[in-house]
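# Summary of structural features
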Amino acid sequence: MTKRLLSLLLAIVMALSLATSAFAATDKAQSAADTLCSYGLFRGTGKDADGKPVFELDRQMTRQEAVTMLVRLLGAESEAKTGNYETPFTDVSAWAKPYVGYAYANGFTNGTSRTTFGGAASVTAPQYATFLLRALGYKSDADFVWSDPWALADRLGVSDGSYTSASAFYRGD
């Protein structure tokens, strides 16, 4: 997929899911989550009594959830789940290993150290933008700075200028 087409797709997904970073889940965020769920990109954390997905939109997304959503967005879930990807990380949940392995093998993440991914830790907005930019083929420390990816992300339309290096990243974002 070309960088331009993937940039457009990511911009649309981000536009569908934009919400303020400190919020109670809004109708707009719920609608975006339902749309992303219908595409198989956002599955939720379980089911409610009626069998509908529970999205926990006002909870910060974990790093392993963020990478999972990215792999799904790229249309690579089957490849991730059927591949045999190895990582040096000792702290990834069993369900997330295929996704993190795929992301690591493709250079979307380097982890938080040589042996840790920080899978259960909350993903920051700059970390998520870095995953996205790397998936688009951009190189950190060459095309952008991983700790502050906003100049490039905003210019590409992947983000809308509302995030900073200090921004949290919620499941409703």
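The notes below deal with the structure included here. (Residues numbered from 1 in each chain as written. Predicted model: local features only at pLDDT ≥ 70, side-chain atom pairs only at ≥ 80, totals over all residues. Heavy atoms only, no water.)

## Regarding the overall build of the protein
Definition in use: Put simply, DSSP H or I for four residues or longer makes a helix, DSSP E for two residues or longer makes a strand, and each gets a number counted from the N terminus. Summary of the burial criterion: residues with accessible area below 20% of their type's maximum are buried, those above 50% are exposed, and those between are partly exposed, where the area comes from a 1.4 Å probe applied to protein chains only. Residue contacts follow a heavy-atom distance rule, with two residues in contact if any of their heavy atoms lie within 4.5 Å.
Assigned secondary structure in the protein consists of seven helices and two strands. N-terminal to C-terminal, the α/β element order of the protein is α-α-β-β-α-α-α-α-α. Per-residue burial over the protein gives 43% buried out of 173 residues. Considering only intrachain contacts with a sequence separation of at least 6, the fraction spanning at least 24 residues in the protein is 61%.

## Remarks on the packing of helix α3 (residues 63-73) against helix α5 (residues 97-105)
Heads up, the rule is: Each axis is a line fitted through C-alpha atoms, and for a helix only the stretch in contact is used; angles between axes span 0 to 180 degrees, taken between their N-to-C directions. We call two directions roughly parallel when the angle between them is under 35 degrees, roughly antiparallel when it is over 145, roughly perpendicular when it lies between 65 and 115, and oblique otherwise. Lys, Arg, Asp and Glu make up the charged group, whereas Ala, Val, Leu, Ile, Met, Phe, Trp, Tyr, Cys and Pro make up the nonpolar group; the residues left over, Gly among them, are polar.
Packing of α3 against α5 brings their axes to within 9 Å, and their N-to-C directions diverge by 70 degrees. Viewed along their axes, α3 and α5 adopt a mutual orientation that is roughly perpendicular. Residues Q64, V67, T68, V71 and R72 of α3 form the contact with α5, whose own contacting residues are Y99, V100, Y102 and A103. When grouped by side-chain class, the residues that make up the contact of α3 with α5 number six nonpolar, two polar and one charged.

## Structural notes on the side chain of T62
Mapped onto the fold, T62 is located in the loop between β2 (53-54) and α3. Beyond its immediate stretch of four places on either side in the chain, T62 contacts G119, A120, A121, S122 and V123.

## Brief notes about the environment of L36
Relative to the assigned elements, L36 resides in helix α2 (residues 27-38). Given a relative accessible area of 5%, L36 falls into the buried group. Between the C-alpha atoms of L36 and L73, which are 37 residues apart in sequence, the distance is 9.3 Å.

## Brief notes about the side chain of T109
Its location among the elements puts T109 in the loop between α5 and α6 (125-135). Overall, T109 belongs to the buried group, its relative accessible area being 1%.

## Structural notes on the nonpolar core
Counted only if it meets this: By nonpolar core is meant a set of buried Ala, Val, Leu, Ile, Met, Phe, Trp, Tyr and Cys residues that side-chain atoms within 4.5 Å join together.
Counting residues in hydrophobic clusters, the biggest one holds 42 residues, and the most contacted among them are F42, V67 and Y128. Elements with a contribution of two residues or more to this core: α2, α3, α5, α6 and α7 (150-156). When sequence neighbours within four positions are dropped, the list of residues in contact with V67 reads Y99, V100, A103, F117 and F131.

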